[in-house]
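Remarks on the overall topology
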Amino acid sequence: MSPLPVLLIKMLNGGLFVVAFALLGETLRPKRFAGLFSAAPSVALANLIVVITTQGHRAAIANTRGMVVGAAAFAVSAVMGIVWVRRYRSTLGSALVAATWLTIAGIGYLGGLAP
Amino acid sequence: MTGHPPTAEEPLIGADPGKLGDVKAHEMLLRFAFGAAISLGAGAVSIVVNPVAGGMFLAFPAILPATLTLIEKREGTAEAVTDVEGAAIGAAALVPFAAVGGYLLRTTGAPLSLTLAFLTWLVASIVGYLAVETFLRRTKERRMRGIPPAGGLPFERHPSGTGEVDVPEIARVRPDGRKGWSQPPATPHPPAL
């Protein structure tokens, strides 16, 4: 299968999974428990399903190797985000979370994952 | 350090399906757009760089900005902070999700691998949440009852060691004007009459 249709399927699937988990999160309380679903593996599940179907297990295993580092970076940046969102509000706080993730994940990739 | 402080009346875990009626279509469209965009980005990085680099983006905090800005707009910044606290626990649980998924995919079929990986995330995140929430509730309860936190005397303890002075929470103000536990003040309390 050529890359473009696969990317389109990933986009559609990713969007649908995110909406499904977001709707689930909306019904849960208290807010801290609902917050778990802001970091649910929605994009991961949606993409891994497409990768396994179109490229097989080997590509999906490679994806999960990278995801371990990405998830660790997400956990650290989200902890820092608790302080940033409180101090700078949501928009700037989330931007700082994303910048921190890029920095940590980049270091992790160059430090151990890059071929 | 916490956003919205937990209250003892709130259940540790609850659901209110009726809130689905309050969900606005444009909010879900925004989340769909974020999910589609990060999926496109992860796929593109997998093609251009390699699948390992693309896989990192499966854990990019792409949904968080949309969620936080919507919560802040609707319910305020404190609620958004509380959501990030939950997201931090969920994000930590993504590590075992990826590790278990990657391990099982070597030996097991995809449906079982992904199902077990998701259950790993769910269990790890709920256990982490219960640990944090229980700790926060106990800490709050101790403060309400005037029991000192571990590692320090309460501000209200009388220097003579005769016991704690019953001070209402509103009056628990440190010398610098902030509320909360502190070391005993430089000036001792006046002796009890």
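Residues numbered from 1 in each chain as written. Chains lettered and ligands numbered in written order. Predicted model: local features only at pLDDT ≥ 70, side-chain atom pairs only at ≥ 80, totals over all residues. Heavy atoms only, no water.

**Quick notes on the overall build of chain B**
Selection rule: To qualify as a helix, a DSSP run of H or I must reach at least 4 residues; to qualify as a strand, a run of E must reach at least 2; elements of each kind are numbered from the N terminus. Should any heavy atoms of two residues lie within 4.5 Å, those residues are considered in contact. Reported accessibility uses the Shrake-Rupley method at a 1.4 Å probe radius. Residues are deemed covered only where the shown protein chains occlude them.
A count of helices and strands for chain B gives 5 helices and 1 strand. Expressed as a percentage of contacts within chain B between residues at least 6 apart in sequence, the contacts between residues at least 24 apart total 60%. Per element, the accessible surface of chain B, about 10,100 Å² overall, is 67% carbon and sulfur.

**Description of the interface of chain B and chain A**
Applied cut-off: Buried area is calculated as the accessible area (1.4 Å probe) missing from two parts once they are joined, with the contributions of both summed. Think of a salt bridge as a Lys or Arg side-chain nitrogen and an Asp or Glu carboxyl oxygen that are within 4 Å of each other. Two N or O atoms form a polar contact when they lie within 3.5 Å of each other; inside protein one atom must be a possible hydrogen donor and the other a possible acceptor, and for residues adjacent in sequence the pair counts only when both atoms belong to side chains. Classification used: nonpolar for Ala, Val, Leu, Ile, Met, Phe, Trp, Tyr, Cys and Pro, charged for Asp, Glu, Lys and Arg, polar for all others including Gly. Strand pairing follows a simple DSSP-based rule, namely that at least 2 bridges must link the two strands.
Tallying the contact residues gives 89 residues for chain B and 72 residues for chain A. Across the chain B to chain A interface the summed buried area is about 7,000 Å²; carbon plus sulfur atoms make up 74%. The three residues of chain B that bury the most area against chain A are Val52, Met56 and Leu58 of chain B, which together make up 10% of that side's buried surface. Counting across the interface, chain B meets chain A through 6 salt bridges. Taking the shortest distance from any N to any O, the salt bridge between Arg89 of chain A and Glu72 of chain B comes out at 3.8 Å. The interface formed by chain B and chain A includes 16 residue pairs in polar contact (both at pLDDT 80 or more). Examining the composition of the side of chain B that touches chain A, we find that 23 residues originate from one element, helix H4 (residues 77-105) of chain B, more than from any other. A breakdown of the residues in the side of chain B that touches chain A according to their chemical character gives 54 nonpolar, 22 polar and 13 charged. In the sheet, strand E1 (residues 28-29) of chain A pairs with strand E1 (residues 14-15) of chain B via 2 bridges, with the strands oriented antiparallel. Residue pairing for E1 of chain B: Arg29 of chain A is matched across the bridge by Gly14 of chain B.

**Some points on the packing of helix H1 (residues 3-27) of chain A against helix H3 (residues 42-55) of chain A**
Residues and elements named next belong to chain A. Worth spelling out the cut-off: An axis is simply a line fitted to the C-alpha atoms; with a helix, the fit covers only the stretch in contact. Between two such axes, the angle follows the N-to-C directions and lies from 0 to 180 degrees. By the definition used in this description, the sense in which the near helix is turned from the far one sets the handedness, with an anticlockwise turn below a right angle giving left-handed and a clockwise turn giving right-handed.
One way to put it is that H1 packs onto H3 with a least axis distance of 8 Å and a crossing angle of 150°. Taken as a pair, H1 and H3 cross one another with a handedness that is right-handed. Counting all contacts with H1, which are made through Val6, Ile9, Lys10, Asn13, Gly14, Phe17, Val18 and Phe21, the residues of H3 involved are Ser42, Val43, Leu45, Ala46, Asn47, Ile49, Val50, Val51, Thr54 and Gln55. Each residue belonging to the contact of H1 with H3 can be placed in one class, and the counts come to 11 nonpolar, 6 polar and 1 charged.

**Here's the deal with the pattern of salt bridges**
Opposite charge on two side chains lets them pair, provided their charged atoms get close. Our working definition: Accessible area is worked out with a 1.4 Å probe on protein chains only. A residue is then buried under 20% of its type maximum, exposed over 50%, and partly exposed in between.
This model, assessed by the stated rule, comprises 10 salt bridges over all chains. With a closest N to O distance of 2.6 Å, Arg32 of chain A and Glu133 of chain B form a salt bridge. Residue Arg32 of chain A is found in helix H2 (residues 31-35), and its partner Glu133 of chain B is found in helix H5 (residues 110-145); the two belong to separate chains. Accessibility expressed as a relative area gives 2% for Arg32 of chain A, which makes it buried.

**Describing the packing of helix H4 (residues 57-113) of chain A against helix H3 (residues 63-75) of chain B**
Filter applied, for reference: Reported orientations rely on four angle classes, namely roughly parallel under 35 degrees, roughly antiparallel over 145, roughly perpendicular from 65 to 115, and oblique for the rest.
Where H4 of chain A contacts H3 of chain B, the two axes come as close as 12 Å, and the packing angle between them is 45°. The pairing of H4 of chain A with H3 of chain B is recorded here as oblique in orientation. Judged by the sense of rotation from one axis to the other, the crossing of H4 of chain A with H3 of chain B is right-handed. Contacts from Phe74, Val85, Arg89, Ser90, Thr91, Ser94 and Val97 of chain A of H4 of chain A reach H3 of chain B at Leu64, Pro65, Leu68, Thr69 and Glu72 of chain B. The residue inventory of the contact of H4 of chain A with H3 of chain B, partitioned by class, reads 6 nonpolar, 4 polar and 2 charged.

**Observations concerning the nonpolar core**
Under the convention used in this document: Nonpolar core, defined: a set of buried Ala, Val, Leu, Ile, Met, Phe, Trp, Tyr and Cys residues in which side-chain atoms within 4.5 Å join the residues together.
Judged by nonpolar contacts, the single largest core of 65 residues is most densely connected at Met67 and Phe74 of chain A together with Met56 and Phe97 of chain B. Here the element with the most residues in this core is H4 of chain A; it accounts for 19 residues.

**Side note on the environment of Thr27 of chain A**
Structurally, Thr27 of chain A can be placed in helix H1. The exposure class of Thr27 of chain A is buried, given its relative accessible area of 9%. Sequence separation of Thr27 of chain A and Gly70 of chain A is 43 residues, and the distance between their C-alpha atoms is 28 Å. Those residues in contact with Thr27 of chain A that sit more than four places away from it in its chain are Gly14, Ala15, Asp16, Pro17 and Leu20 of chain B. Engagement of the side chain of Thr27 of chain A in a polar contact is seen with the backbone oxygen of Leu24 of chain A, the distance being 2.7 Å.

**Focus on the packing of aromatic side chains**
Stated formally: Geometry of aromatic contacts follows a simple scheme: Phe, Tyr and Trp rings, the Trp one being its six-membered ring, pair when their centres are within 6.5 Å, and the pair is stacked under 30 degrees between planes, edge-to-face over 60, tilted otherwise.
Scanning the model with the defined rule gives 9 aromatic pairs over all chains in all. Among the aromatic side chains, those forming a connected cluster through ring pairs are Phe21, Phe33 and Phe37 of chain A together with Phe118, Trp121 and Tyr129 of chain B.

**Details of the confidence of the model for chain B**
Selection criterion: A residue's pLDDT is the confidence the predictor assigns to it, expressed on a 0 to 100 scale.
Of the residues in chain B, 72% have a pLDDT of 70 or more, and the chain-wide mean is 82. Two numbers describe this predicted complex: its pTM, 0.82, and its ipTM, 0.95.

**Regarding H3 of chain A**
How we decide: An expected span of 1.5 Å times one less than the residue number is assigned to each helix.
If you check H3 of chain A, its first and last C-alpha atoms are 20 Å apart, about what 14 residues at 1.5 Å a residue would give, namely 20 Å. Burial runs high along H3 of chain A: 10 of the 14 residues are buried. Of the surrounding elements, those touching the buried residues of H3 of chain A are H1 and H4 of chain A together with helix H1 (25-48), H3, H4 and H5 of chain B. Of the residues flanking the end of H3 of chain A, it is Gly56 of chain A, one or two places downstream, whose phi is positive at about 95°.

**Some thoughts on unusual backbone geometry**
All names here are of chain A. Backbone torsion omega between Arg29 and Pro30 reads 0°, so that peptide bond is classified as cis. With respect to the helices, strands and loops of the structure, Pro30 is situated in the loop between E1 and H2. Positive phi values are uncommon outside glycine, yet Arg89 reaches one of about 70°. Looking at the secondary structure, you find Arg89 in helix H4. By relative accessible area, which is 49% here, Arg89 ends up partly exposed.

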